[in-house]
Amino acid sequence: MWLRSGRISQYMKMEFTIKHTWDGLPVSHEPVTIGLKSNNAGLLMEVNAPFFNNPPAPLGEPGKPFSRLWDYEVVEAFFLSDRTEQYLEVELCPHGQHLLLLLSGKRRIWKEELPLEFEVTRMKTKWEGKAHLPWNYFPPCTNKFNAFAIHGSGEERKYEALYPVPRHELQEGQKPDFHRLEFFKDLNLKGLMGEDWKQPESDIWKSLTN
């Protein structure tokens, strides 16, 4: 991960590269990269990824939420507050569909299919996506992160992770599980936004506690 700073904070960027499968083996293709930048009322998430076109496109309208998008070709980012186990899950598809989930506790979805401004540029063998994530979607005290990519069908389905399950933690017969929150790593948003920055309050998350 590197941080690039220009004269003002909007030029700062974090970049993450998904180099491993979920269980820690090197990926066998050009890796997926995810960039995070400051963007007005939130974060701009930029995806650069190979386009496998496998499985085929979901039968949903591009630019709209699509349920169970994780069954398709997708790049995912999880933003976690480890104190509360509240997290935002962002799923982006090269065909333009998206799925945003808010979870309170491991795998406990309490809001889904949130609207998202998401643009895709798709070429023959790669795709780029830009998603505008409003601060309102982020749980209070967001401080951990992980990212994933999925493609392929049947036996050839591939699950990749930025921070995989450490090899010594693997158990026989274990299946990929992107909700292993204990393996997420630090996300320093102040490093991106500036030391004086405070995460804006979220009406959505506030409604959960009231």
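Cut-offs and rules
Residues numbered from 1 in each chain as written. Predicted model: local features only at pLDDT ≥ 70, side-chain atom pairs only at ≥ 80, totals over all residues. Heavy atoms only, no water. Core = buried A, V, L, I, M, F, W, Y, C linked by side-chain atoms within 4.5 Å. Buried < 20%, exposed > 50% of the residue type's maximum accessible area, 1.4 Å probe, protein only. Helix = DSSP H or I, 4+ residues; strand = E, 2+ residues; numbered from the N terminus. Salt bridge = Lys/Arg side-chain N within 4 Å of Asp/Glu carboxyl O. Pairing = 2+ DSSP bridges.

A closer look at the nonpolar core
Phase 1 of the analysis: In terms of nonpolar packing, the biggest core is built from 41 residues, with Leu36, Met45 and Phe79 touching the most fellow members.
Phase 2 of the analysis: Residue contributions to this core peak at four residues, all from strand 5 (residues 42-50).
Phase 3 of the analysis: In terms of nonpolar packing, the next biggest core, distinct from the first, is built from 19 residues, Val74, Phe78, Leu101 and Phe178 among them.

So, the pattern of salt bridges
Any two side chains of opposite charge can pair if their charged atoms end up close together.
Phase 1 of the analysis: Going through the model one piece at a time under the given rule, you end up with twelve salt bridges.
Phase 2 of the analysis: The salt bridge partner of glutamate 46 is lysine 130, with a shortest N-O separation of 3.9 Å. Taken together, the residues span a long stretch of sequence, with glutamate 46 in strand 5 and lysine 130 in strand 11 (residues 126-134) at a distance of 84 residues.
Phase 3 of the analysis: Overall, the relative accessible area of 39% leaves lysine 130 in the partly exposed class.
Phase 4 of the analysis: For glutamate 182, the salt bridge goes to arginine 180, with nearest N and O atoms at 2.8 Å.
Phase 5 of the analysis: Under the relative-accessibility criterion, glutamate 182 is labelled partly exposed at 47%.
Phase 6 of the analysis: Several salt bridges converge on common partners, so that one network encompasses Lys13, Glu15, Lys37, Glu46 and Lys130.

A look at the pairing of strand 7 (residues 86-92)
Phase 1 of the analysis: With respect to burial, strand 7 is a largely interior element, seven of its seven residues being buried.
Phase 2 of the analysis: By the alternation rule, side chains of strand 7 split into Gln86, Leu88, Val90 and Leu92 and Tyr87, Glu89 and Glu91, which are all buried.
Phase 3 of the analysis: Of the strand pairs in this sheet, strand 6 (residues 74-81) and strand 7 are connected by seven bridges, and their pairing is antiparallel. Bridging from a neighbouring strand, alanine 77 pairs with valine 90 of strand 7.
Phase 4 of the analysis: From the end of strand 6 to the start of strand 7, which pair antiparallel, there are four residues, and glutamate 85 there has a positive phi angle of about 60°.
Phase 5 of the analysis: Direction of pairing for strand 7 relative to strand 8 (residues 98-104): antiparallel, over a ladder of seven bridges.

That's the geometry; what it means functionally is another story.
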